[in-house]
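Residue-level structure breakdown
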Amino acid sequence: MRRIIAVMLILLLCGSALAETPPGNRLGYKVLLQLSEGKRNAFVSPVSLAWALSMAAEGATGETRQKLLSALDLEDTAQLTDLGAPLREAGVAWANAAFVGGDIELLPEYAGTLASRYEAKQFPLTGLGAVADWVREKTLGLIEDLPISLPEDTQLVLVNAIAMDAEWASPFDPSDDWEGGFHAPDGDVSATFMQQTTYAQYGESMGVKLMSKAYMNGLVMVLALPPEGGLKRALNNLADNPNSFFTFKANPQEIALSLPKLDVSVSQSLKDAIVAAGCWLPFSEKHANYSGISETDLLISDVFQQVCLQVDEEGTRAAAATEVVMVETAALDDGPQPIQFVLDRPFILAIMDRATGETLFVGAVVDPTAE
């Protein structure tokens, strides 16, 4: 019989050749497009999803492994796990764990790979509470509960936690906040905007205005403002051009930035979006093969992700929880005026590691007031 395995990943944050694409970026952008369609808020952690699927890929064999690696733009999982050190250097904390039930035994090679490559510690799976406690500790308490349920036959939960609590290099002054209208698709909503005049990289790519705002730890938030009504087209371009969309030639320019404060939380299944992106075989009862994990037959049945994002005057905090479930089968006074960059209509944001190009977090903001 095929037993249930849950693979869960927790993320806390609040030239285009295939081999050059940072792991998970392309798939994450495609998933974002499917979830938002330019009509609703959607938030994804590409690197979070990549770590979760990579841990599943370690135990996949044959075409199943090939399809997972291809979806993540990997030739080998080491290309992803080698990013662990640069992320820590950028101030991003991460940890892995394997919660193992009593009815399944990990194959020694798979268990060794989790320990050596992912630094994953093993714990007994005594219920969801044990997993939730570990997640709460590793995410600085921002994820207090897991809005999931483990099927009765769950035998393994693989967890990765990534934490980021970053301050802006140039924080906003709360006294400059203002209330204004945000032009959401279903009508204007009242939002609180932070504002500052600053020097930052600014340019255009594929008809979208872009600027970057740096954090103290070397990470950067890239803000992409499409023309009115152009969010879905921009998301399509992002998915089709993962290496070039956020690339623009510019020197630092004076920018008058207005950015809405964000405090949003969304939960969603990613399975349909991943399948729509072309990665269907790992979910196939007939074709998927995870015989490298255990002698018990396994199958991914769904992928869930909960994302919370907070952006305020001081910086950014975010959290995302991803569950991959495997089930049994049956300014200056003189000179030019600053560029006006007012994010009062749907836009895209991405939190990126400048050193690796890895996208930690990407979102489509359609309504900044939605919780």
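Fair warning: this is a prediction, and the values are worked out from it, not measured in the lab. Note that residues are indexed from 1 along each chain, following the sequence as it is written. This being a predicted model, a pLDDT of at least 70 is required before a residue's local features are given, and a value of 80 or more before pairs of side-chain atoms are given or counted; all residues contribute to the totals for chains, interfaces and linings. In computing side-chain values, all of the structure's heavy atoms are included and hydrogens and water are not.

1. Focus: the pattern of salt bridges
Convention followed: Salt bridge, as applied in this entry: a Lys or Arg side-chain nitrogen positioned within 4 Å of an Asp or Glu carboxyl oxygen. Per the convention used, a helix needs a DSSP run of H or I reaching at least four residues, while a strand needs a run of E reaching at least two, with both numbered from the N terminus. Each residue gets one of three labels from its accessible area relative to the maximum for its type: buried under 20%, exposed over 50%, partly exposed in between, using a 1.4 Å probe on protein chains only.
Applying the stated criterion across every chain, the model contains 10 salt bridges. Two residues, Asp73 and Arg26, come together in a salt bridge whose shortest N-O distance is 3.0 Å. Taken together, the residues Asp73 in the loop between α3 (62-71) and α4 (78-81) and Arg26 in helix α1 (residues 25-36) connect sequence positions 47 residues apart. When the shortest N-O distance is used, the salt bridge between Glu58 and Arg117 registers 3.6 Å. In this pair, Glu58 sits in the loop between α2 (46-57) and α3 while Arg117 sits in helix α6 (residues 108-118), placing the two residues 59 residues apart along the sequence. Since its relative accessible area comes to 14%, Glu58 is described here as buried. The partly exposed category is assigned to Arg117, whose relative accessible area is 30%.

2. Examining the pairing of strand β5 (residues 154-163)
Selection rule: At least two DSSP bridges between two strands are required for those strands to pair.
Of all 10 residues that make up β5, 10 are buried, and the element is covered over most of its length. Where strand β3 (residues 93-100) lies against β5, eight bridges are found, and the strand directions are antiparallel. Residue pairing across strands places Val100 opposite Leu156, the latter belonging to β5.

3. As for α2
Threshold: Each helix should span, by expectation, one fewer than its residue count multiplied by 1.5 Å.
Look at α2: 16 Å from first C-alpha to last across 12 residues, which is about the 16 Å you get at 1.5 Å a residue. Buried residues dominate α2, accounting for 12 of its 12 residues. Within α2 the residues assigned to the buried category are Pro46, Val47, Ser48, Leu49, Ala50, Trp51, Ala52, Leu53, Ser54, Met55, Ala56 and Ala57.

4. Quick look at the packing of aromatic side chains
Our working definition: Centres within 6.5 Å are what make two rings of Phe, Tyr or Trp a pair, Trp counting through its six-membered ring; a difference in plane orientation under 30 degrees is then read as stacked, over 60 as edge-to-face, and the rest as tilted.
Counted under the stated rule, the structure contains 12 aromatic pairs. Aromatic side chains Phe99 and Trp134 sit 6.4 Å apart centroid to centroid with 80° between the ring planes, which places their arrangement in the edge-to-face category. In this pair, Phe99 is assigned in strand β3 and Trp134 in helix α7 (residues 128-138), connecting sequence segments 35 residues apart. Considered together, Phe99 and Trp134 belong to a single accessibility category, that of buried residues. Every member of this aromatic cluster is reached through a ring pair, and the members are Tyr29, Phe245 and Phe246.

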